[in-house]
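# Working through the structure, step by step
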Amino acid sequence: MEDDDGQDYVDKSRVLNVQPLRCLAPIFPSTPSFPSFPHPQAASPFMCPPPAGHFPPGFASFYPFSGYPDSHNMQTPMPFGFNGSIPAVPINSFRSGANGDAGSSGRSSRNPGPSQYEEEDGYSDWVHVNEGEDSSKAATKKKRIPKRVRAGSGQDINVASSDVDVDAMVDKIVESFNLMDFDAFKRADGDKDSVGYIRMIYDLLRRKLSQIEDSKESTPGVTRRPDLRAGTILMNKGIRTNVKKRIGVVPGVEVGDIFFFRMEMCLVGLHAPIMAGIDYMGLKVSQDEEPVAVSIVSSGGYEDNSEDADVLVYSGQGGNINNKGMEITDQKLERGNLALEKSLHRGNEVRVIRGVKDIANPTGKIYVYDGLYKIQESWVDKGKSGCNVFKYKLVRLSGQPEAYTVWKSVQQWKDGSTGRVGVISHDLTSGAESIPVSLVNDVDDEKGPSNFTYYPGLKYLKPVNSNESSTGCGCHGGCLAGNSSCPCIQRNGGNLPYTTNGVLVSQKPLIHECGSSCLCPPSCKNRVCQSGLKIRLEVFKTKDKGWGLRSWDPIRSGAFICEYAGEVIDITSAEELRCVNDDDYIFDASRTNQSGEGFLNASNETLKIPFPLIINAKHAGNVARFMNHSCSPNVFWQPVLRENSKECDLHIAFYAYRHIPPMTELTYSYGIVPPDRADQRRKKCLCGSAKCLGYFY
């Protein structure tokens, strides 16, 4: 159709009364147990609310749509670890087509191509996960059927093959998190603690699965996806929260939270589809039901415009825009697009998650929850392909904490387009680190820490005698995860302590890294904390706690941050400094973590150090000396012993306790003093957390 000026346009009023599609159909009738489904129709994961209206002829109502309340009206949510008479429905047992499209095109073809369901991030929604049985029952089988996911590139993705008893490992992790403290209602409506627990469990399980896969030989044409497998396992066990779909705020999820995997957002109820960019639900209107959008993910796969941090022009889904090799067509006002249009007229809030590039992983993305938006207007535009694309202008609601705005500001500081306010020095380290550390004060007139020299390592004032010295490995090309004969791997319990990308798998009593006695190169995967800083840090003046430390870059849970540098002193010297109140920059490794920490340690083993390491960083040290104490820390410390046949080479390394967004202060717990020093004076704590004890030592 053309207007008076001869321009093409689409009359949306002709389709605004279209009812939501009801093509979500069970692939199988309700039965007491669920077999495996190799057929392609059973492959798409279930990530959507129940269908509106009656079930198709020939199919009876089944869990989760009967027996237990559905996602619209859950009064008695299924408890964690549910093992009732009705088994958990596998997430691949539905073919979605109404709510939560299977892919960006929203199609449900019987013979989809390898990239038909490819999502905007490049991941495929063509999931072939064979999780038809409750995982606790599946553990009794002697042989498992490999589960695979079809990637957009045509490669198979291995999400299951393992000789390790994964179910026992999951049970151990869940037990260590003491999930019995959760009441059943937190599954339907979470809070900050439950969301934190779920995210930690997921990430710990994902890292352990990565560690297992890293120890195996790679299979040509197979891409491993421990993120999908970990999420599938937890979904089947009912370990998730905020399962009830809702408009607006998700309890326990805060504006600015970051996610490294789509599965994380699904498990905490922020965005249900693991691939589709639009999540929506049905609302009852008179006798009918209409879809409304609850959240969207904008990560660059479509023609989105996000130049303004508070305004997003979001492109609709469909039309095969992101599917290479397929004919591109006009988008249709259906499914997610229809839900966005209805939300425009209804005026409901929509959660917006922005996807940004992961600088540490060029092919990956980091998802930033940017808060609540409202759709201000919509129109149809010609896309780059020449076909019609729906456009939706969303405006951020005022009064919310900054999130995506912070990312934009940091990027401008990095590229020099905008100067950082309050900069005293662009590099506090004076070149001692490969990455500069900014010194910033926008609070008062103080010009920086006095009588301090930056030093990136340890200074041993006296030789240390220890029987922990040992002969290193002979891995000339670097330690390999599957090399059981490597002495460094043997000392770590048979596995490398880090995943391939350098993330610590779990907290351990003592990590053995390769050292001066080893023949492996500096790039060895077992030398993570030896190459200095890997993230852009900033020492800044706080309002009431002196100097603090934060990062310009996002930090992944388990990622190495820095080590504690300074002069190694003995207990006598440390006590003398405490007596004169001169111990503000002393790190004492004989202290123990406070109750509530150590969630990364599934075995609950206590830390082990070869000798009582005490470090004084008052006059010489690195960025670690500026980290303040918190009763709810986001950083933890770990003793690391580097293999050295001549002397004990012990270090204290700091790792991220959870995902840390940019410009968030880095804190750790100073710990509890040994019982023989229990009378030591306490200091007032100003951490301000909800769990603050009011003091620290």
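So, a few notes on the structure that sits alongside this text. The model shown is predicted, which means the values in this text are computed figures rather than measured ones.

### Thoughts on the overall build of the protein chain
The number of helices and strands found in the protein chain is nine helices and 31 strands. Every one of the 697 residues in the protein chain was classed for burial, and the buried ones make up 56%. Look at the contacts in the protein chain between residues 6 or more apart in sequence, and 71% of them connect residues 24 or more apart. Summed over its atoms, the accessible surface of the protein chain is roughly 29800 Å², and 49% of this surface lies on carbon and sulfur atoms.

### Some details on the side chain of Gln400
Within the element layout of this structure, Gln400 appears in the loop between strand E13 (388–396) and helix H7 (404–415). A polar atom in the side chain of Gln400 sits 2.8 Å from the backbone nitrogen of Leu372. Within the structure, Gln400 has its side chain in polar contact with the backbone oxygen of Leu397 (distance 2.9 Å). Aside from chain neighbours lying at most four places away, what touches Gln400 is Val255, Gly371 and Leu372.

### What about the sheet that holds strand E27 (residues 635–642)?
The sheet built from four strands is open, its strands ordered E18-E27-E28-E21 with mixed pairing. On the outer flanks of this sheet lie strand E18 (511–513) and strand E21 (560–563), each paired with one strand and no other. Between one strand axis and the next, the sheet turns by 40° as a mean value, whatever way the strands run. For E18 and E27, the ladder comprises three bridges, and the chain directions are parallel. Note that in E27 the partner of Ile511 across the bridge is Val640.

### Here we look at the packing of aromatic side chains
The final tally for this structure, using the stated rule, is 16 aromatic pairs. Ring centres of Tyr564 and Phe587 lie 5.2 Å apart, and the angle between their planes is 35°; on these two criteria the pair is classed as tilted. Taken together, the residues span a long stretch of sequence, with Tyr564 in the loop between E21 and strand E22 (566–569) and Phe587 in strand E23 (residues 586–588) at a distance of 23 residues. On the basis of an interplanar angle of 90° and a centroid distance of 5.1 Å, the ring pair of Phe587 and Trp637 is categorised as edge-to-face. Residue Phe587 is found in strand E23, and its partner Trp637 is found in strand E27; the two are separated by 50 residues along the sequence. Taking NZ or CZ as reference, Arg550 lies 3.8 Å from the ring centre of Phe540, over its face. Here Arg682 stacks its cationic end above the ring of Tyr695, 3.8 Å away from the centre of that ring.

### Here we look at the sheet that holds E23
Across the sheet, which stays open at both edges, the four strands sit in the order E17-E22-E24-E23 with mixed pairing between neighbours. Either end of the sheet is taken by a strand with one partner, and the two such strands are strand E17 (458–460) and E23. Averaged over all pairs of adjacent strands, the angle between strand axes in this sheet comes to 30°, irrespective of strand direction. Bridge count between E23 and strand E24 (residues 614–616): three bridges; the pairing is antiparallel. The partner of Phe587 across the bridge, within E24, is Ile615.

### Re a negative patch on the surface
Side chains of Glu307, Asp308, Asp310 and Glu402 sit close together on the surface and give a patch of like negative charge. Looking at the element boundaries, Asp310 is found in the loop between strand E9 (288–298) and strand E10 (311–315). Residue Asp310 is classed as partly exposed on the basis of its relative accessible area of 36%.

### As for the pattern of salt bridges
Scanning all chains against the criterion turns up 28 salt bridges. Taking the shortest distance from any N to any O, the salt bridge between Arg207 and Asp203 comes out at 2.3 Å. With a gap of four residues between them, Arg207 and Asp203 both fall in helix H3 (residues 192–214), about one helical turn apart. Across the pair, Asp203 and Arg207 agree in class, each one buried. Arg550 serves as the salt-bridge partner of Glu538, at 2.7 Å between the closest nitrogen and oxygen.

Here is what the cut-offs are and how they apply
- Residues numbered from 1 in each chain as written.
- Predicted model: local features only at pLDDT ≥ 70, side-chain atom pairs only at ≥ 80, totals over all residues.
- Heavy atoms only, no water.
- Helix = DSSP H or I, 4+ residues; strand = E, 2+ residues; numbered from the N terminus.
- Buried < 20%, exposed > 50% of the residue type's maximum accessible area, 1.4 Å probe, protein only.
- Contact = heavy atoms within 4.5 Å.
- Areas by Shrake-Rupley, 256 points an atom, 1.4 Å probe, with all protein chains shown as cover.
- Polar contact = N/O pair within 3.5 Å; in protein donor to acceptor, adjacent residues only side chain to side chain.
- Pairing = 2+ DSSP bridges.
- Axes fitted to C-alpha atoms, helices over the stretch in contact; angles between N-to-C directions.
- Phe/Tyr/Trp six-rings, centres within 6.5 Å; stacked < 30°, edge-to-face > 60°.
- Lys NZ or Arg CZ within 6 Å of the ring centre and 35° of its normal.
- Patch = residues over 30% accessible without salt bridge, like charges linked within 9 Å, V, L, I, M, F, W, Y side chains within 5 Å.
- Salt bridge = Lys/Arg side-chain N within 4 Å of Asp/Glu carboxyl O.
- Lys, Arg positive; Asp, Glu negative; His and termini not counted.
- Charge placed at Lys NZ, Arg CZ, Asp CG, Glu CD.

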